[in-house]
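Each chain is listed here by its residues.
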Amino acid sequence: MASKKRNRLGQVLERFSRKATEATGTSTAFILACLVIIVWITTGPWFHFSDTWQLVINTGTTVVTFLMVFLIQRSQNKDALAIHLKLNEIVAALEGASNRLIDVEDLTEDEIKTLHQHYRSLVTMAKRDLQLTMSHSIEEAEARHEIKHQKYRHPTES
């Protein structure tokens, strides 16, 4: 029973945050924010530019900023996950692509740096290729590079 309530609450929060994200990203929301600032500035003389008058805008902008940080982060998390899923599908579907790159975002920073080094090596190899448009997976590139190296080795090398 508690699981169903949490699930419903999650769905309600999901819908609310999606609507809030969509609404705050519009020109209308920007114009409304500008109007709030204009009203605040024009009421300054009426309130004698008091500390309370300043506190109103400071508190309001702080609260809005605080909430917007979470909305923006939620939106970015969802977008990033969707992009990762699409890229994972492409990697999984492409023949010759290394499946080790599926869910690469879940690797440690050191593991990602190691893969980055492999791809930097591919760039170095690709620069030496006659056909710059050739594409390689890590395994194919290493095998092809070794074959090319042996095939075109100078007679003085051993």
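This write-up is about the structure you can find in this document. Numbers given for residues are sequential positions, taken from 1 along each chain in its written order. For a predicted model such as this one, the threshold for reporting local features is a pLDDT of at least 70, and the threshold for listing and counting side-chain atom pairs is 80 or more; totals across whole chains, interfaces and linings nevertheless cover every residue. Here the side-chain values reflect all heavy atoms present in the structure, with hydrogen atoms and water set aside.

Side note on a nonpolar patch on the surface
Rules: Here, patches come from residues exposed beyond 30% relative accessible area and free of salt bridges, joined within 9 Å for like charges and within 5 Å for nonpolar side chains (Val, Leu, Ile, Met, Phe, Trp, Tyr). Surface accessibility follows the Shrake-Rupley procedure with a 1.4 Å probe radius. Residue values consider only the protein chains on display as shielding. Between Lys or Arg on one side and Asp or Glu on the other, a salt bridge is scored when a side-chain nitrogen of the former is within 4 Å of a carboxyl oxygen of the latter. Each helix is a run of H or I in the DSSP string that is no shorter than four residues. Each strand is a run of E no shorter than two, and both are numbered from the N terminus.
The grouping of Val63, Phe66, Leu67, Val69 and Phe70 at the surface amounts to a nonpolar patch, some 510 Å² of accessible area in total. Inspection of the secondary structure assignment puts Val69 in helix α3 (residues 51-93).

Digging into the packing of aromatic side chains
We count it as follows: Each Phe, Tyr or Trp ring, with Trp reduced to its six-membered ring, pairs with another whose centre is within 6.5 Å; inter-plane angles below 30 degrees give stacked pairs, above 60 give edge-to-face pairs, and intermediate values give tilted ones. Between buried and exposed lies partly exposed: a residue is buried under 20% and exposed over 50% of the maximum accessible area for its type, with that area taken using a 1.4 Å probe on protein chains only.
Tallying each qualifying case throughout the model produces four aromatic pairs. When the ring of Trp40 is compared with that of Trp53, the centres are 4.1 Å apart and the planes differ by 5°; the resulting orientation is stacked. On the criterion of sequence distance, the pair formed by Trp40 in helix α2 (residues 27-43) and Trp53 in helix α3 is long-range, its members being 13 residues apart. Measuring from centroid to centroid gives 5.1 Å for Phe66 and Phe70, while their planes differ by 70°, and the two rings are edge-to-face. On the criterion of helical spacing, the pair formed by Phe66 and Phe70 is a turn pair, its members being four residues apart in helix α3. Accessibility expressed as a relative area gives 53% for Phe66, which makes it exposed. In this structure Phe70 comes out as exposed when scored by relative accessible area, which is 52%.

Overview of the pattern of salt bridges
Per the stated rule, a full pass over the model turns up three salt bridges. Here Arg74 ties to Glu14 by a salt bridge, and the two come within 2.8 Å at their closest N and O atoms. On the criterion of sequence distance, the pair formed by Arg74 in helix α3 and Glu14 in helix α1 (residues 2-24) is long-range, its members being 60 residues apart. The salt bridge involving Glu14 is made with Lys78; its shortest N-O contact spans 3.4 Å. Of this pair, Glu14 sits in helix α1 while Lys78 is found in helix α3, placing the two residues 64 residues apart along the sequence. You can call Glu14 partly exposed: its relative accessible area is 29%. Bridged by salt links that share partners, the residues Glu14, Arg74 and Lys78 form one connected network.

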